[in-house]
Amino acid sequence: MTPDPQDDLAYIRQLMEQTRHFTQLSGDHLIAWGLLIGLGLICDGAVTLGAHLPLSGIWIGLIVVGWLYSFWQGRRASRRQPVAGHAARIVSQLWIACGVAMTTAFMVGQWTGAVAGDSTPGLSALFIGIGVFMTGVLSGLNWFRNLAFGWWAGAVTLFIWHGSAALWILAGLFILLLSVPGLVLNLQARAAR
């Protein structure tokens, strides 16, 4: 039996529509992670200016808060919409994969010396760019997909430009290219209701 191209097309349309709905609801995650990581980077930048802060404790706390918030939001969303579509699961799993990869690379990788500290800002921008790009593609939101190019341009800049300025640049990327788009998605979701 030969697959019908019309069935494939209908499936892709359904997948994109489910993802579009899911993406609008997931702006809270983007806002939270953008602000949490932005705050951590601002603390890093403050240390380079002479502040005495327990950076390891701050980062562990921010990451734990982020993961707990993500799981709480996920459970809350699944109660509102108990049958998550395939697209919702794909986008969710994509961001979990990016988060696990970043957490592993930057916490374990730096503690063991396998990941050089100067590479962390550029690698962060690369990882987030992947998540943003694929979320935009799956949701059919071209403006969101195109934010990935800002992340990747930021990564190039951060691989070239090291030091405390890189921390401030990356904090700006997280706030401007993750939290602000999350806010836009939430506003669009409210307007659509």
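Residues numbered from 1 in each chain as written. Predicted model: local features only at pLDDT ≥ 70, side-chain atom pairs only at ≥ 80, totals over all residues. Heavy atoms only, no water.

Before going further, it helps to examine a nonpolar patch on the surface. Together, Ile-60, Val-64, Leu-68 and Trp-111 make up an exposed nonpolar region whose accessible area comes to about 430 Å². The element best represented in the nonpolar patch is helix H3 (residues 55–80), accounting for three residues. Secondary-structure assignment places Val-64 in helix H3. Here Val-64 falls in the partly exposed class, since its relative accessible area comes to 43%. (Patch = residues over 30% accessible without salt bridge, like charges linked within 9 Å, V, L, I, M, F, W, Y side chains within 5 Å. Areas by Shrake-Rupley, 256 points an atom, 1.4 Å probe, with all protein chains shown as cover. Salt bridge = Lys/Arg side-chain N within 4 Å of Asp/Glu carboxyl O. Helix = DSSP H or I, 4+ residues; strand = E, 2+ residues; numbered from the N terminus. Buried < 20%, exposed > 50% of the residue type's maximum accessible area, 1.4 Å probe, protein only.)

So, about the nonpolar core. Judged by nonpolar contacts, the single largest core of 31 residues is most densely connected at Leu-41, Val-132, Trp-151, Leu-170, Phe-174 and Leu-178. When contributions to this core are tallied by element, the ones reaching two or more residues are helix H2 (27–48), H3, helix H4 (86–112), helix H5 (120–139), helix H6 (142–160) and helix H7 (164–192). At nine residues, the largest contribution of residues to this core is made by H7. (Core = buried A, V, L, I, M, F, W, Y, C linked by side-chain atoms within 4.5 Å.)

Throughout the structure, instances matching the rule amount to nine aromatic pairs. Aromatic side chains Phe-106 and Phe-127 sit 6.1 Å apart centroid to centroid with 80° between the ring planes, which places their arrangement in the edge-to-face category. Remark: Phe-127 occurs in helix H5 and Phe-106 occurs in helix H4; sequence separation between them is 21 residues. For Phe-127, a relative accessible area of 23% gives the class partly exposed. For the ring pair Phe-133 and Phe-149, a centre distance of 6.1 Å and an interplane angle of 85° mean the geometry is edge-to-face. Taken together, the residues span a long stretch of sequence, with Phe-133 in helix H5 and Phe-149 in helix H6 at a distance of 16 residues. Through a chain of ring-to-ring contacts, the aromatic side chains of Trp-33, Trp-67 and Phe-71 assemble into a single cluster. (Phe/Tyr/Trp six-rings, centres within 6.5 Å; stacked < 30°, edge-to-face > 60°.)

Next up on the list: the environment of Trp-143. Within the fold, Trp-143 resides in helix H6. For Trp-143, a relative accessible area of 32% gives the class partly exposed. Separated by ten residues in the primary sequence, Trp-143 and Phe-133 place their C-alpha atoms 9.8 Å from one another. Every residue in contact with Trp-143, bar those within four places of it in the chain, is listed here: Pro-181, Val-184, Leu-185 and Gln-188. (Contact = heavy atoms within 4.5 Å.)

With that settled, consider the confidence of the model for the protein. Across the protein, the average pLDDT comes to 85, with 83% of residues at or above 70. Across the protein, the element-wise mean pLDDT spans from 62 in helix H1 (residues 5–25) up to 96 in H6. (pLDDT = per-residue confidence, 0-100.)

Further remarks concern H2. For H2, which comprises 22 residues, the first-to-last C-alpha distance of 32 Å matches the rise-based estimate of 32 Å (1.5 Å per residue) to within 8%. Of the residues trailing H2, Gly-50 is marked for its positive phi of about 115°. (Expected span 1.5 Å × (residues − 1).)

Moving on, we get to the environment of Gly-154. Structurally, Gly-154 can be placed in helix H6. In this structure the C-alpha to C-alpha distance between Gly-154 and Gly-122, which are 32 residues apart in sequence, comes to 7.3 Å. Apart from the residues within four sequence positions on either side, Gly-154 is in contact with Ala-125 and Leu-173.

Next up on the list: the packing of H5 against H7. Two numbers describe how H5 lies on H7: the axes approach to 10 Å, and their chain directions differ by 15°. Classified by the interaxial angle, the pair formed by H5 and H7 is roughly parallel. When the axes of H5 and H7 are compared, the crossing they make is left-handed. In this structure, H5 contributes Pro-121, Ser-124, Ala-125, Ile-128 and Val-132 to the contact, and H7 contributes Ala-166, Leu-170, Leu-173, Phe-174 and Leu-178. (Axes fitted to C-alpha atoms, helices over the stretch in contact; angles between N-to-C directions. Parallel < 35°, antiparallel > 145°, perpendicular 65-115°, else oblique. Left-handed = near helix turned anticlockwise from the far one by under 90°.)

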